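Observations on the three-dimensional arrangement
Residues per chain are reported as follows:
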Amino acid sequence: GTTYLSDYRPYPFTLDRVALTFRLAPKATRVMAKLHLSPREAGAALHLDGEQLKLISIAIDGQALKPADYLLSDTGLTVHPAALPEGEFTLETEVEIAPEDNTALEGLYMSNGMYCTQNEAEGFRKITFYPDRPDVMARFHVRIEGDKPVLLSNGNPVGQGEGWAEWDDPWPKPCYLFALVAGDLVATHGTFTTMSGRKVDLNVWVRPGDEDRTDYALGAIQRSMKWDEEAFGREYDLDLFNLVAVGDFNMGAMENKGLNIFNSKLVLASPETATDFDYERIEGVIGHEYFHNWTGDRITCRDWFQLCLKEGLTVFRDQSFTSDMRLGPVKRIEDVIALRTRQFREDAGPLAHPPRPDHYREINNFYTTTVYEKGAEVVRMLKTLLGDAGFRAAMDLYFARHDGQACTIEDWIKVFEDASGRDLSQFKRWYTDAGTPHLKVSERFDGGTYTLSFRQSTRPTPGQDTKPPRLIPIAVGLLGPNGDELVPTQVLEMTEAEQSFRFEGLGAKPVPSILRGFSAPVVLERETSAEERAFLLAHDSDAFNRWEAGSALARDTLIAMTEGRDAGSDYLDAIGMLIGDESLDPAFRALLLRLPFEDEIAQTIATRGGVADPDAIHAARETLARDLAARHEAALSATYEACAVAGPYAPDAEPAGRRALRLVCLKLLALVDAGARAEALYTAADNMTESLGALSVLIGLGKAEGKLAAFRAKWQDNPLVIDKWFTTQIALCPPEEAAERAATLAADPLFNWKNPNRFRALMGGLSANHAGFHRKDGAGYRFYADWLIRLDPLNPQTAARLSTAFETWARYDAGRKEKIRAELSRIAGQPGLSRDLSEMTARLLG
Ligand code: ARG
Ligand code: ZN
């Protein structure tokens, strides 16, 4: 069935306290639950969610229920109103579950002999009978019995002995934030003293043998705690903060109260095994989960339609954190690249949905880039509209007003209205309307008055045919003929479908810098000359728009090449001067020199009404890279040398930026030196960033076979590094080889496909090889679909998530379209297909 936002009803009982006892055993764990309930309305039946549970006993106030007192179904248990006492009562159940057989990795499951949980969104119903909905918040007391040395749950430890431990969490929480971990684990310990003087014990728990890769994670927790105090005035609220790394995990990480559980790839790092990119992500995700303590745990969501209330806001917070820890403008550009390549792509296809959807079949399918990253952009726009101080005041009000509550987007908007005195009803459309607005710009200069005119429009998305205009904050600055800033940044607030803004008293026609900092998640359409782009690339004071000018030049050049038009040399001319420009951050230059991804180019071509040809796009990108290398070999080579980082590896932004630029140069230089520098770097490198960077270059040249074999042998016992081995070779190999190579890799004994990281490493690598995945004969599609079909019965969530690789089918020619649709239909026709994957295929097929 489908769940609708409009069907929301409050739960008819309050649940203030829960006591859980776990008697752990791989095949037969017993869960005893004691729920203290009181009715909020007379005569209501008591419904508890529960799936795949074997009911052993059920009693109310100590009296066993008779079979006629309740109804058991596949999805839960309902106690008849007549069997319930008038006032408050205690419900006790005992169930049996089998964590070892739980391959879906949702609820209580086992990973390498360790027990762990993942309950968001609706996993708790696989642990015990319970009102599994976020608006039911209770205090939890937990007893764990089991033969594991470390037994963890949320909150504070209140007792332990041989084979047991008890935990008490003073903060009321919904059950999706419950966690349990039991295993043979070792901790790296640290402390943090909060601003009011609370001393917090910090532990990073990992499997024995991994403890030499935990320092960075521990430091990241400390930095997160400090930053949330400074940036938002938020203090940690327990004496203990535990973080556990797990090898089998469907997603990135989970913010369980006081016991965050992480995919090990977002915890473990050492210079030899993790790249600069890994370090940055680890810090960002550790921040993300920690920041959820206030935006998620203390203030949670009323129902799952409100998911972006916590996720959009928390992504915004983690982005701000990384921006402060590293280079702000570079982080902003990286975030916009990710938004456009993932979220704009989602918005443009059959899976488009608003940040706050209003119906779903399977909520796990809505942990999307629209909810997360677009949700973060919406928060960013609020900050732009209110200004820094106004935003902080609104956030303070949000925490003060809603602490301890389960809230909605309406509550959130109301806070911003009350704090600012503004009417934000039009702004709210960003939450309820799907699709990326397009903003068409025209300009006029006339007697000292410069007029910018905008027209906004949003294409229909599934279920939403018409799109009323939104409030769009457009940050604009005007540049004079010498590149000086004539009019500094101001935020224009567009509210109409068409609207003009005038700037008076200008001596000459200015050059506009529009949408500075990417002030709104829109597609800007502007007829502009390559000259003007080159001008902005050289002079704009706004780093984002400076980069944007260069990337637009590259994009237009590539598109012209795919269409066989004369592309000119504007891009190559303009970029040349910047390669060695020491006044620019190396990380920024690395971004400037990075050619747009093939998928991005395909997206742009389709958005402009064309048909994307993956082979032509691949060829154009190769050619442009070759031209760039040939034309600027000297500057690239000098920059490559100049960016060498001396001394021991450090994952900080500064050396990481130099390595990034160095590797971009290396990749281009390989097209003129046949990989000589890459060979040398691979041999000399003492860190994974450079080894993998050099190896990647050699893979692209088809010169890596021997090294790949040696790399595999060297790292075969390190799963995270082996994941990289899978991904890199499949993502970067020549496209015509991708499908065969994928098949070979799938037959490798190291392809442990039941592990989500390993499965994603191969499949994600294949879909990242744009021309390889979209090979004309459909071999890429077939291989991919075969594996989704195979994974679905075991792990529907991961299978459904990966099916989004097919969301772009409408961009391509009839032959490819038909082949993708045929694969989707084949998947849809599988008997016993999961609800997750069947919802996805239905939506993908439209
Ligand atoms: N709340 C977690 C986070 O963003 C992610 C949970 C994902 N759950 C899911 N069913 N996909 O930090
Ligand atoms: Zn989150």
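What counts as what
Residues numbered from 1 in each chain as written. Chains lettered and ligands numbered in written order. Predicted model: local features only at pLDDT ≥ 70, side-chain atom pairs only at ≥ 80, totals over all residues. UniProt positions renumbered as here; feature names shortened; annotations may be inferred. Pairing = 2+ DSSP bridges. Helix = DSSP H or I, 4+ residues; strand = E, 2+ residues; numbered from the N terminus. Contact = placed C-beta atoms within 7 Å. Axes fitted to C-alpha atoms, helices over the stretch in contact; angles between N-to-C directions. Core = buried A, V, L, I, M, F, W, Y, C linked by C-beta atoms within 7 Å. Buried ≥ 20, exposed ≤ 12 C-beta atoms within 10 Å, placed from the backbone. Near = placed C-beta within 6 Å. Nonpolar A, V, L, I, M, F, W, Y, C, P; charged D, E, K, R; others polar. Parallel < 35°, antiparallel > 145°, perpendicular 65-115°, else oblique. Expected span 1.5 Å × (residues − 1). Arc of directions from axis to C-beta. Left-handed = near helix turned anticlockwise from the far one by under 90°.

Where an unreviewed UniProt entry is consulted, the protein appears under the name Aminopeptidase N, with the organism given as Paenirhodobacter enshiensis. Its UniProt record, at the heading Cofactor (unreviewed entry), says of the protein: "Zn(2+)".

1. Some words on the sheet that holds strand β21 (residues 259-263)
One open sheet accounts for five strands, arranged β17-β18-β19-β21-β20; its pairing is mixed. With one partner strand each, in any of the chains shown, β17 (186-193) and β20 (253-254) form the two edges of the open sheet. Here β20 pairs with β21 via two bridges, running antiparallel. Across the sheet, Ala253 pairs through a bridge with Phe262, a residue of β21. Together, β17, β18 (199-206) and β19 (240-246) form the strand contacts of helix α1 (residues 215-232), whose direction differs from that of β17 by roughly 25°.

2. Side note on the nonpolar core
In this structure, Val181, Ala217, Ile221, Ile261, Ile282 and Leu666 are the most contacted members of the largest nonpolar core, which totals 234 residues. Ignoring sequence-local partners within four residues, the contact set of Ile261 consists of Cys116, Gln118, Ala179, Val181, Val244, Val246, Ala253, Met254 and Asn256.

3. Some thoughts on the sheet that holds strand β14 (residues 156-161)
The strand order β6-β5-β9-β3-β2-β12-β15-β14 describes an open sheet built from eight strands, whose pairing is mixed. This sheet does not close on itself; its edge strands, each paired only once, are β6 (63-64) and β14.

4. Considering the site of ligand 1
As a matter of local geometry, ligand 1 sits amid Glu120, Ala121, Met251, Ala253, Met254, Glu255, His288, Glu289, Glu311, Asn364 and Tyr367. Those elements that place two or more of their residues in the shell around ligand 1 are β20 and α2 (276-291). A per-class count over the shell around ligand 1 returns five nonpolar, two polar and four charged.

5. Concerning the packing of helix α9 (residues 543-562) against helix α11 (residues 586-593)
The contact between α9 and α11 brings their axes to 9 Å, and the two run at 30°. Relative to α11, α9 is oriented roughly parallel. Taking contact as the criterion, the partners of Ala543, Trp547 and Gly550 in α9 are, on α11, Phe588, Leu591 and Leu592. The residue makeup of the contact of α9 with α11, split by class, is five nonpolar, one polar and no charged.

6. Overview of the UniProt feature "domain: Peptidase M1 alanyl aminopeptidase Ig-like fold" (unreviewed entry) in the protein
The UniProt entry lists residues 435-526 under the feature "domain: Peptidase M1 alanyl aminopeptidase Ig-like fold" (unreviewed entry), expressed in the numbering used here. Note that residues 435-526 is 0% helix and 54% strand, and that its end C-alpha atoms are spaced 19 Å apart.

7. A word on helix α20 (residues 735-746)
With twelve residues, α20 should reach 16 Å at 1.5 Å per residue; the first-to-last C-alpha distance of 17 Å fits that figure. Those residues of α20 that fall on the buried side of the exposure criterion are Ala738, Ala739 and Ala742. Looking down the long axis of α20, one finds its buried residues gathered within 90° of arc, a one-sided arrangement. For α20, the secondary structure elements touched by its buried residues are α19 (719-732), α21 (756-768), α22 (770-773) and α23 (779-791).

8. A look at the environment of Arg662
Within the secondary structure layout, Arg662 lies in helix α15 (residues 653-673). Taking the C-alpha atoms as reference points, Arg662 and Val645, 17 residues apart in sequence, are found 9.4 Å from one another. Look past the residues within four positions of Arg662 in its chain and what remains in contact with it is Tyr640, Cys643 and Ala644.

9. As for the environment of Trp809
Within the secondary structure, Trp809 sits in the loop between α24 (796-802) and α25 (814-828). The exposure class of Trp809 is buried, given the 22 C-beta atoms found within 10 Å. Expressed as a C-alpha distance, the spacing of Trp809 and Ile514, which sit 295 residues apart in the sequence, is 32 Å. If we ignore the near neighbours within four places in the chain, the residues touching Trp809 are Lys817, Ile820 and Arg821.

10. Notes on the UniProt feature "domain: Peptidase M1 membrane alanine aminopeptidase" (unreviewed entry) in the protein
The sites that UniProt annotates as "domain: Peptidase M1 membrane alanine aminopeptidase" (unreviewed entry) are residues 216-430. Taken as a whole, residues 216-430 contains 56% helix and 9% strand, while its terminal C-alpha atoms sit 37 Å from one another.

11. Comments concerning helix α14 (residues 633-642)
Listing the buried residues of α14 in full gives Leu636, Thr639 and Tyr640. Summarising the axial view, the buried residues of α14 lie within an arc of 105°, below the 170-degree limit, and thus occupy one face. Every exposed residue of α14 that faces more than 90 degrees away from the buried side is listed here: Ala634 and Glu641. On its buried face, α14 sits against α10 (570-579), α13 (614-631), α15 and α16 (676-684).

12. Remarks on the packing of helix α3 (residues 307-325) against helix α4 (residues 328-347)
At a minimum axis separation of 7 Å, α3 and α4 run at an interaxial angle of 140°. For the element pair α3 / α4, the angle class is oblique. Crossing handedness for the pair α3 and α4: right-handed. Contacts from Gln319, Thr322 and Ser323 of α3 reach α4 at Gly328, Lys331, Arg332 and Asp335. A per-class count over the contact of α3 with α4 returns no nonpolar, four polar and three charged.

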